[in-house]
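Report on the structure
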Amino acid sequence: MTDDPRVVFLFEDLDVHVFPSLADAEGWMEAVDVAAGEYTAALTETGQVIRMSTKNEEVILELTDETNLPRLKQLLRDHGNLIGQPGIELDPIDFANRSWQLDWESRWPKRPRWLDKRLHPHGPIQA
């Protein structure tokens with residue numbers, strides 16, 4: 001079992017959200033949505049299955065011993081076809097890095113370059 005995934009893929013039907021850690025995904029998710037079954041799957045970049053639950057209105061994500069790489073690839077394939085980017089399932093980490101890069105480039109408001117480099121010297125998240 002992997003201790004620290006490089007990428008967490010969270011699926012809502014054909015939509016996918018990408019996070020650099022379980023903690024980041026937990027912080028973004030809402031317990032009411034988890035309890036309602038809004039998320040169809042949570043997997044790491046290697047296909048390791050992530051169990052989703054709630055406790056005291058907080059989201060809890062736990063890595064399991066189960067791996068389902070074919071399901072990860074199929075879900076990414078379906079998402080890629082939806083957004084007009086077939087083939088993203090071939091390299092899940094590259095897809096995550098490109099997603100984070102696009103988010104980084106399209107953020108608003110943008111700070112002056114000198115301030116941005118001081119606050120974020122490493123740039124966008126990368127797996």
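Before going into details, it helps to say that this report is about the structure given with it.

About the thresholds
- Residues numbered from 1 in each chain as written.
- Predicted model: local features only at pLDDT ≥ 70, side-chain atom pairs only at ≥ 80, totals over all residues.
- Heavy atoms only, no water.
- Helix = DSSP H or I, 4+ residues; strand = E, 2+ residues; numbered from the N terminus.
- Rg over C-alpha atoms; globule rule 2.2 N^0.38 Å.
- Buried < 20%, exposed > 50% of the residue type's maximum accessible area, 1.4 Å probe, protein only.
- Areas by Shrake-Rupley, 256 points an atom, 1.4 Å probe, with all protein chains shown as cover.
- Lys, Arg positive; Asp, Glu negative; His and termini not counted.
- Charge placed at Lys NZ, Arg CZ, Asp CG, Glu CD.
- Polar contact = N/O pair within 3.5 Å; in protein donor to acceptor, adjacent residues only side chain to side chain.
- Contact = heavy atoms within 4.5 Å.
- Expected span 1.5 Å × (residues − 1).
- Arc of directions from axis to C-beta.
- Salt bridge = Lys/Arg side-chain N within 4 Å of Asp/Glu carboxyl O.

1. Let's talk about the overall build of the protein
If you tally the helices and strands in the protein, you get five helices and five strands. Written out in order from the N terminus, the α and β elements of the protein read β-β-α-α-β-β-β-α-α-α. Taking 2.2 N^0.38 as the reference for a compact globule, 127 residues should give roughly 14 Å; the C-alpha atoms of the protein span a radius of gyration of 16 Å, in line with that estimate. Taking all 127 residues of the protein together, 36% fall into the buried category. For the protein, the accessible area works out to roughly 8,000 Å², and carbon and sulfur atoms hold 49% of it. The distance from the centre of the 13 positive side-chain charges to the centre of the 23 negative ones in the protein is 10 Å.

2. Focus: the side chain of Thr44
Turning to its location among the elements, Thr44 is positioned in strand 3 (residues 41–44). Looking at Thr44, its side chain comes within polar contact range of the side chain of Thr46, at 3.0 Å. Once residues lying within four places of it in the same chain are set aside, the contact partners of Thr44 are Pro5, Val7, Phe9, Ile50, Leu63 and Leu72.

3. Thoughts on helix 3 (residues 69–83)
If you check helix 3, its first and last C-alpha atoms are 21 Å apart, about what 15 residues at 1.5 Å a residue would give, namely 21 Å. Residues of helix 3 that are buried include every one of Leu72, Leu75, Leu76, His79 and Gly80, and no others. All buried residues of helix 3 lie within an arc of 135 degrees about the axis, which places them on one face of the element. Between the side-chain oxygen of the N-cap and the backbone nitrogen of Arg71 there are 3.1 Å, and the N-cap of helix 3 in question is Asn68. Of the residues one or two after helix 3, Gly84 is the one with positive phi, at around 75 degrees.

4. Digging into the environment of Arg77
Summarising the element assignment, Arg77 is placed in helix 3. For Arg77, a relative accessible area of 31% puts it in the partly exposed group. Along the sequence, Arg77 and Ile88 sit eleven residues apart, while their C-alpha atoms lie 6.4 Å from each other. Here the side chain of Arg77 touches Gln74 through a polar contact of 2.8 Å, side chain to side chain.

5. Concerning unusual backbone geometry
A positive phi angle, close to 55 degrees, is found at Asp13, a residue other than glycine. Mapping Asp13 onto the fold places it in the loop between strand 1 (8–12) and strand 2 (15–19). You can call Asp13 exposed: its relative accessible area is 56%.

6. Let's talk about helix 4 (residues 92–105)
For helix 4, built from 14 residues, the straight-helix expectation of 20 Å at 1.5 Å per residue is met to within 8% by its first-to-last C-alpha distance of 20 Å. Within the span of helix 4, buried status applies to Pro92, Ile93, Phe95, Ala96, Asn97, Ser99, Trp100 and Trp104.

7. Some words on the pattern of salt bridges
Inspection of the entire model under this criterion finds three salt bridges. Asp94 is paired through a salt bridge with Arg98; the nearest N and O atoms lie 2.9 Å apart. Here Asp94 and its partner Arg98 are both found in helix 4, four residues apart, which amounts to about one turn of the helix.

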